[in-house]
Structures are given as C-alpha cells and as structure tokens.
Amino acid sequence: MSRGGASHPLVELTMARLREIFREPEALFWAFIFPILMSVAMAVAFPSSDSAPVPVGVRQGEGAEALRASLAASKSVAPRIVAAGEEEAALRDGDVDLVVVPGTPPTYRYDPGRAESRAARLVLDDALKRAGGRADPWTAVEQHVTVPGSRYVDWLIPGLVGMGIIATSVWGIAFSIVQARMRKLLKRMVASPMRKSHYLLAQVLARLLFLLPEVAVPLLFGRYVIGMPLRGSLVALTVVSLVGALSCGAIGLLAASRTKTFEAVSGLVNLILLPMWIASGVFFSASRFPDALQPFVQALPLTALVDALRAVVLEGATLPAVAGELAILAFWGIVPFVIALKVFRWR
Amino acid sequence: MPETAFHCDRLVKRYGELVAVDHLSLSVQRGECFGLLGPNGAGKTTTIEILEGLLVPDEGSVEVLGLRWATHEHELRQRLGIQLQETQLADKLTVEETLRLFRSFYHRGREVAELLQLVELESKRGSWVSKLSGGQKQRLSVACALAGAPDLLFLDEPTTGLDPQSRRQLWGILDRFRAGGGTILLTTHYMDEAEVLCDRVAIVDKGKVIALDTPKALIASLGEPKVITHHGTLEDVFMSLTGRLLREE
C-alpha cells in the first residue's frame, strides 16, 4: 500500500506524539530532571552513613559553655547553645532532639513521645556520665550489621518511582487529548480515515516509550549513589512498570474522555491523584491507616503499584509473588478503558 | 451525463429550540465547485458537517459519492478531503511531519514532497506549525485535506481572516484541484470568493436555501442595478432577498 513516503499510521501517530513531548521542555523536566532532583534530595536528606551525631541543645547560662565543650569531645553528640526563648522552637522543628539544662544534676528536657528524643536521651545520658567519671562494669562486644534495604530512603525510592509512573501516565495522556479536543484537532483527525483505535493506542505507546528513563533513572541512582538494593529481576520490574503505566494510562484516558477545558481536566486529575499521594503509602506505610480503611487503601492502583515495586526491588519478589497487585492493576486498566471507549467524545 | 457528487434531501438539524438546518436539499454534480453562502449562524457549518458525516441529521437523507455514511464511512473518509473551520494543527510538529501524519491515513494520494509543492510550502517544510503565518497555516490545512487525492473536497470558510494575497494563493490551489477533475463544496461569507470560484451558489439563511443559481444568474435576477455606478454583486442579491446585510455585525 502506498503511503506517499509516510509510515504506518500507528508509527506516524506515535512519532508525532513523541515529538510533541520531546519539544516541550516542561514535559522533559518532569520526566527526566525531576526524578534525578528528587533522588538527589533524598540522598542529601537521608545520607547512607547512619552514625550521624545526635543534635542536642544546651541551655544558655552558667556552665553552659563548659558543658557544651565536654559534650563536643564525645563523637556521638553534636551540642549547641540554645537561648531559653528559642528552646521550644528548636525542639519543635527538630533542630535539636533534646535540651539539657546545666546543673547538678543536669535537667533533660525532651518529648518522650518522639523516638529520636528518647534515643537522644540515652546517648546524652551515657556521654555525660562517662564525662563525669562513671566506671562501667563491663563493655559489651558490638557487632555492626547493616541490612541493605532497611533504611527509609531505600523504602522511599520505589514509592517515588510508582508515583512518577502514575503521574506521567494520567497527566500526559489526559492533557494531550484535552488539548487536541480544544484545538478541534481531535475532530479534524476523525474527519480523516484515521482509525480511532490507532490514535488512542499511539498515546499509550508514546507514553510507554517514555517509561524507560522514568523508571531507570531513579532506580539506578538509588542503586549506585545511595546504595539501595536492586534485587528483583529485570523481567519482573519491566512487567510491573508496564502494567502500572498501562492501567494508569487508562485512568488518564477516562479523565480526558469528555473533558473540554484544561481547568476541568486539572481538577479531575488532581481529584484522582492527590488522595493517592497520601493514602497509597508513597511516603509512609499504608498499613498505618485503621483496619476499617484498609480494604479501600489496598484497592487503590497506586497502593498496588508501589507495593509491587517495593517487593520486586527490595525483596527480589518474582512475578507470581506480586500476582495479587498485578490483578488489582489490571482491574484498574480494563474497567476505566472500557468505560472511556464508551463515553469518549471525539468532538 | 454528469454524475452526482453528493445530494441531500430535506435535512433537518435542531439544537433544542433552534432549528439550525430547516428542510435543506442540495444536489451537486461531479466536477462542480459549489458555494454555500450566508451570514454567520445561517446553518452553513451544520450543513457541511452533516455532509462530512460528522453530524447526524434529525431528519432527511444524505448520499455522498453514491454511498451512505451509516454503511460506508471508512470508504467515504478515504475519498473525501475535509478542512474544518478553526482547526489548529499541532504547534510543535513541522509542516512536513504534519503532512506525513495525514498522508499516512490514506491508501492513495500524492507523495508528501508533491503536496508541499502543490500548496507552495516547500520552503517551510522544516518549520514548526506555530511559526507559520495565517495563510501558510490555511494552505497546510488544505494540503492535509488533499493528502488522499480526494474526489470531493469540503472547505468550511477556507479564507476567513486571510489577507487578499493569501486568499488568491489559496484560490489558485483550488483551481488546480478542479483542473484535475475534483469537486468542491465550500462555505463562505465572502461574495467575491463565491463569484470567482463557484459554478453555482446556494444562498442560505436561517437554515433554508433561499436562492440557488450561478453567481451570474443570481446577480442578473436583481434586474436594473439600483445605483448606476455600481455593478450588482451577490451581496446585493442577499440584501434584496432578506432585506438584511450579509455580514451585519
């Protein structure tokens, strides 16, 4: 069949969409630069050496400087002088985990509800008593064991990857379709013999090609810069990412199926995504929600995606082990897609 | 014996209370250039979009190239060239990429390079659509409609908002299409455009055809020009039929 120098319509449509993405600096930022920035921020905020000294405040006053100097000699505490008026703020903001008031005996001011403050109390107490000449009955033998994958940052990175997959899928597909509708381009396309399925498929294909850097960049950064374990097989990782991107793409398609303005589609997409940022366990474990809410939380597509990614990346889970999550994702792919095809407006 | 390019019979399209198209019938022969003339809101766009298979009429029947939309949509789409009012092509694709995209939908037609030549956009082939002038964008839009070597070309206000030079350039393209045996249906509210391009013109007002003839015959039907220094135009025809100006604001 002659196409006068053009390729198959599906190829041309996919290329056209990819060209549009690559010629849009903002889209490139979100897909390539943002994951790197996010990973760098995580690396800075959660350095891999976990023996950082405990930040402790010493209340300004008589004997404060001497106490600070003796604490500074201990490697386990990072003391600083805090004015009485700034104490509350320093504790609240986490600048110091505990404030010590010089005296005989000294006073420890801290919030026992905070794990960091309880740990700081133990470290400080030990350092002060040693400096005061305490004789230890014995010294325990210490074995330092670092279990890869047990740090917060290791746990967070697969969550961020999942969040990136859903965000780009829903935003990318929904926005490009609404834009084409607003420009009457969608109507012009269906006035031609283009197959509608080719148009929708091209949106998804272009999005999937974009998936590679989006997943690879933060994971490789986590592996080689932060020291996060990367235990799962490439096949399992690819399948989970693809299924996740496809089902989120279907949600994007549904969001765009009738929407006529950017304002409407922004509102709709935010309504879909923002609750999942909180509920799906990207930043803190979804298991913190009460039991009554768990069925809803676990049924969310982002929860399934993030759980599957963590299982594959951190535990080396195989595909059968994440079959439950994949099934939830497949449900979120198929149902919105079928509805979207039924209600989609080409005008 | 001339073949019919399309005909429609007693089309009705309502939007709530408003009757946009009111029992409108047309029949256009192959090789003809036919103009739908009328003010904004007369029902021209609704009529042409029904013929293009983009709207379904509430009543009446349509036959295009001897086929019906309900049964032969794909074949019809392959054989028609359509240019819509207000389509904005993708800003960040080049002229050539846009044409390649549209060309890929058709089973037959010219090479992309030939299409560029036909609409005099070879020098702009690598430019983004957003960098084109209004006239260049419109020529590209017509080139997309011509990508499948159509038998029948539908143009909805192809020269609205263009400067005189760009309009004449576009008329030249349409002349060449007709010289190759093509049929054109266009809507316009420019009298001179209808007079220059069209073999026959239907004057449409409030969803009805109020006059249909060659531009010359329509002007002649005015009888004696009311003002001696002024040759009759289609504008005068419309005024004498409706008592209103064609492009009243």
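Right, let's walk through the structure included here. (Residues numbered from 1 in each chain as written. Chains lettered and ligands numbered in written order. Predicted model: local features only at pLDDT ≥ 70, side-chain atom pairs only at ≥ 80, totals over all residues. Heavy atoms only, no water.)

Its location among the elements puts Thr159 of chain B in the loop between strand E6 (152-156) and helix H6 (164-179). Classification of Thr159 of chain B by relative accessible area gives buried; the value is 1%. (Helix = DSSP H or I, 4+ residues; strand = E, 2+ residues; numbered from the N terminus. Buried < 20%, exposed > 50% of the residue type's maximum accessible area, 1.4 Å probe, protein only.)

Residues and elements named next belong to chain B. Counting buried positions over the 6 residues of strand E8 (residues 200-205) gives 5, a clear majority of the element. The pairing of strand E3 (residues 33-37) with E8 spans 4 bridges and is classified as parallel. Along E8, the bridge assignment pairs Gly35 with Val201. Examined bridge by bridge, E8 and strand E9 (residues 208-213) share 5 bridges and lie antiparallel to one another. Each bridged residue has a counterpart across the sheet, and for Asp205 the counterpart in E9 is Lys208. Where E8 hands over to E9, the hairpin turn is made up of 2 residues, of which Lys206 adopts a positive phi near 50°. (Pairing = 2+ DSSP bridges.)

Below, the discussion takes up helix H10 (residues 262-279) of chain A. Quick reminder: α-helices carry 3.6 residues per turn. Residues three or four places apart thus point the same way. Residues and elements named next belong to chain A. Along its 18 residues, H10 runs 26 Å from first to last C-alpha, staying within 8% of the 26 Å computed at 1.5 Å per residue. Taken as a whole, H10 carries its principal kink of about 25° at Leu271; the proline Pro275 stands between one and four residues after it. Every buried residue belonging to H10 is among Val265, Val269, Leu273, Met276, Trp277 and Ala279, and all of these are buried. Contacts made by the buried residues of H10 are with helix H6 (152-182), helix H9 (234-256), helix H11 (294-299) and helix H12 (301-315). Downstream of H10 by one or two residues, Gly281 has phi in the positive range, about 75°. (Expected span 1.5 Å × (residues − 1). Bend = angle between axes of the 7 residues up to and from the residue. Contact = heavy atoms within 4.5 Å.)

Moving on, we get to helix H5 (residues 115-131) of chain A. Residues and elements named next belong to chain A. With 17 residues, H5 should reach 24 Å at 1.5 Å per residue; the first-to-last C-alpha distance of 25 Å fits that figure. Along H5, the residues that are buried comprise Ser117, Ala120, Leu124, Asp125, Ala127 and Leu128. On its buried side, H5 packs onto strand E1 (54-59), helix H3 (64-72), strand E2 (77-82), strand E3 (98-101) and strand E4 (107-109). Phi for Gly133, located one or two positions after H5, is positive at around 90°.

Looking now at the interface of chain B and chain A. Contact with chain B, which involves 33 residues of that partner, is made by 30 residues of chain A. In total, chain B and chain A occlude about 3,000 Å² of area from one another, counting both sides; carbon and sulfur atoms represent 55% of this. For the chain B face of the interface with chain A, the top three residues by lost area are Lys92, Arg100 and Phe105 of chain B, together amounting to 20%. Linking chain B with chain A are 7 salt bridges. (Buried area = accessible area lost by both parts, 1.4 Å probe. Salt bridge = Lys/Arg side-chain N within 4 Å of Asp/Glu carboxyl O.)

Here the focus is the sheet that holds strand E2 (residues 18-29) of chain B. Residue and element names in this part refer to chain B. Taken in spatial order, the 3 strands line up as E2-E1-E4 in an open sheet, and their pairing is antiparallel. For this open sheet the edge positions go to E2 and strand E4 (59-64), each flanked by a neighbour on one side alone. Each neighbouring strand pair of the sheet contributes to a mean axis angle of 15°, computed without reference to strand direction. For strand E1 (residues 4-15) and E2, the ladder comprises 9 bridges, and the chain directions are antiparallel. Within E2, the position partnered with Thr4 by the bridge is Gln29. Across the sheet, helix H1 (residues 44-51) lies against E1, E2 and E4, angled at about 125° from E1, the strand it touches most. (Axes fitted to C-alpha atoms, helices over the stretch in contact; angles between N-to-C directions.)

Residues and elements named next belong to chain A. At a minimum axis distance of 7 Å, the contact between H6 and H9 shows a crossing angle of 35°. Seen along the crossing, H6 lies across H9 with a hand that is right-handed. Along the contact surface, H6 presents Ile165, Ile166, Ser169, Val170, Ile173, Ala174, Ile177, Val178 and Arg181, while H9 presents Ser241, Gly244, Ala245, Cys248, Gly249, Ile251, Gly252, Leu253 and Ala256. Broken down by class, the residue content of the contact of H6 with H9 amounts to 12 nonpolar, 5 polar and 1 charged. (Left-handed = near helix turned anticlockwise from the far one by under 90°. Nonpolar A, V, L, I, M, F, W, Y, C, P; charged D, E, K, R; others polar.)

All names here are of chain B. Read across the sheet, 6 strands follow the order E5-E6-E7-E3-E8-E9 without closing on themselves; strand pairing throughout is mixed. Where the open sheet ends on each side, the last strands, each with one partner, are strand E5 (80-83) and E9. This sheet shows a mean twist of 15° between the axes of neighbouring strands, independent of strand direction. As defined by bridge partners, E3 adjoins strand E7 (residues 183-188) across 5 bridges and the pair is classed as parallel.

On their own, these measurements won't tell you what the molecule is for.
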